[in-house]
Amino acid sequence: MFSRQGLLLTWKEIRPYFIFSIMLFFAGAVIGGTPNAPADFLEQQIKGIAAIANDAKASDNPEFTMFLLITMNNIFNTILVMALGILAGIMPVIMLVSNGMIIGYLLGDIAADGQNVWLLTLKGLLPHGIFELSAVFLGCAFGMRFGLTLIKGIFGSALGKKVPWHPFVRTATGSVPALIVIVVFLLLGAVIESTVTYWLMR
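Note that the structure is a prediction, hence the values are computed from the model and not measured.

Criteria and cut-off values
- Residues numbered from 1 in each chain as written.
- Predicted model: local features only at pLDDT ≥ 70, side-chain atom pairs only at ≥ 80, totals over all residues.
- Heavy atoms only, no water.
- Helix = DSSP H or I, 4+ residues; strand = E, 2+ residues; numbered from the N terminus.
- Buried < 20%, exposed > 50% of the residue type's maximum accessible area, 1.4 Å probe, protein only.
- Contact = heavy atoms within 4.5 Å.
- Areas by Shrake-Rupley, 256 points an atom, 1.4 Å probe, with all protein chains shown as cover.
- Lys, Arg positive; Asp, Glu negative; His and termini not counted.
- Charge placed at Lys NZ, Arg CZ, Asp CG, Glu CD.
- Core = buried A, V, L, I, M, F, W, Y, C linked by side-chain atoms within 4.5 Å.
- Phe/Tyr/Trp six-rings, centres within 6.5 Å; stacked < 30°, edge-to-face > 60°.
- Patch = residues over 30% accessible without salt bridge, like charges linked within 9 Å, V, L, I, M, F, W, Y side chains within 5 Å.
- Salt bridge = Lys/Arg side-chain N within 4 Å of Asp/Glu carboxyl O.
- UniProt positions renumbered as here; feature names shortened; annotations may be inferred.
- Axes fitted to C-alpha atoms, helices over the stretch in contact; angles between N-to-C directions.
- Left-handed = near helix turned anticlockwise from the far one by under 90°.
- Nonpolar A, V, L, I, M, F, W, Y, C, P; charged D, E, K, R; others polar.

Student: Looking at this structure, I do not really get the overall build of the chain. What am I missing?
Tutor: Helix and strand counts for the chain come out as 6 helices and 0 strands. Walking the chain from its N terminus toward its C terminus, one meets helices and strands in the order α-α-α-α-α-α. Considering only C-alpha atoms, the chain reaches an extent of 60 × 40 × 25 Å along its principal axes. The buried share among the 202 residues of the chain stands at 38%. Long-range contacts, defined here as pairs at least 24 residues apart, represent 80% of the contacts in the chain between residues at least 6 apart. Total accessible area on the chain stands at roughly 11500 Å², and carbon and sulfur atoms take up 71% of it. The chain carries 12 positive and 10 negative side-chain charges, and their two centres are separated by 22 Å.

Laid out in structure tokens, this is it:
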């Protein structure tokens, strides 16, 4: 599981899903930045995100409170969507596209106001986003592979194929070290977002 050979095999199998996760996220960002984006839905999602920031600001220690809120929210959502991927891999796709749309919608609004989108991205998204998005992409990649290997296992069993559940079992085994990476990356992202990003964006 934690051997070098095992980790390399896991990455080889999960890499196409990881790349597809990135593509889905940026496709969502493009959709969110267009005039046809579902504005009402995205506004509701943004209000939920703003509520977290407001709760942190109202506390005695905004940085620590933001760290806790961001960490709990991100870890819970990423692990949940990773597990729910077992339902045909649908939930990871929804999460990736919707999160991408939120980012695209926000950046589109900022650009419309005449602000410097590139500077905002550099200061407000990039420092913590590298770690957080990598963790989300990895979690969603496993979620999608869980769903597809489960379907293959079911049909393989029905058709009498030998060892139809091996891909699913390998995915489950590989998800253990992946979970450690996801949690570590999300913790690093939360630390940066609650300190560096918080002070840059004040």
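Student: Quick question: what am I supposed to make of the nonpolar core here?
Tutor: Generally speaking, a soluble globular protein has its nonpolar side chains buried in company with each other. Counting 21 residues, the largest nonpolar core has I14, L96, L138, C140, F142 and I182 as the members making the most contacts within it. Of all the elements in the fold, those that place two or more residues in this core are α1 (4–32), α3 (62–84), α4 (90–112), α5 (117–158) and α6 (166–200). Here this core gets 8 residues from one element, more than from any other, and that element is α5. In this structure, L138 is in contact with I14, F18, A178, V181 and I182, ignoring residues within four places of it in sequence.

Student: Even after reading the chapter, I still don't get the packing of aromatic side chains, so can you show me in this structure?
Tutor: The description of an aromatic ring pair rests on the distance of the ring centres and on the angle between the ring planes. On inspection of all chains with the given rule, the structure shows 7 aromatic pairs. Each ring, one from W11 and one from F18, has its centre 5.4 Å from the other, and the planes form 65 degrees; the classification is edge-to-face. Overall, W11 belongs to the partly exposed group, its relative accessible area being 36%. Geometrically, the ring pair formed by F25 and F137 is edge-to-face, given 5.6 Å between the ring centres and 70 degrees between the ring planes. Here F25 is found in helix α1, whereas its partner F137 is found in helix α5, with 112 residues between them in sequence. A single burial state applies to F25 and to F137, both of which are buried.

Student: Sorry if this is basic, but what is going on with a negative patch on the surface here?
Tutor: Taken together, D40, E43, D109 and D113 make up a surface patch of like negative charges. Inspection of the secondary structure puts D113 in the loop between α4 and α5.

Student: Just to check I follow, could you spell out the UniProt feature "transmembrane region" (unreviewed entry) in the chain for this structure?
Tutor: On the UniProt side, "transmembrane region" (unreviewed entry) is annotated at positions that read residues 14–33, 75–108, 129–155 and 175–201 here. Counting secondary structure, residues 14–33 comes out at 95% helix and 0% strand; the distance between its end C-alpha atoms is 29 Å. Counting secondary structure, residues 129–155 comes out at 100% helix and 0% strand; the distance between its end C-alpha atoms is 38 Å.

Student: In this structure, what is going on with the packing of helix α2 (residues 39–57) against α3? I would like to understand it.
Tutor: If you want to describe how two helices pack, look at the angle between their axes and the distance between the axes. As a packed pair, α2 and α3 sit with axes 8 Å apart at the nearest point and diverge in direction by 150 degrees. As for how α2 packs across α3, the hand of that crossing is right-handed. Of the residues in α3, those touching α2 at I52, A53, D55, A56 and K57 are P62, T65, M66, L69 and N73. By residue class, the composition of the contact of α2 with α3 is 6 nonpolar, 2 polar and 2 charged.

Student: How should the environment of E193 be read in this particular structure?
Tutor: On the secondary structure map, E193 appears in helix α6. When the C-alpha atoms of E193 and F137 are compared, they prove to be 18 Å apart, with 56 residues separating the residues in sequence. In this structure, E193 is in contact with M66, I70, H128, E132 and Y198, ignoring residues within four places of it in sequence.

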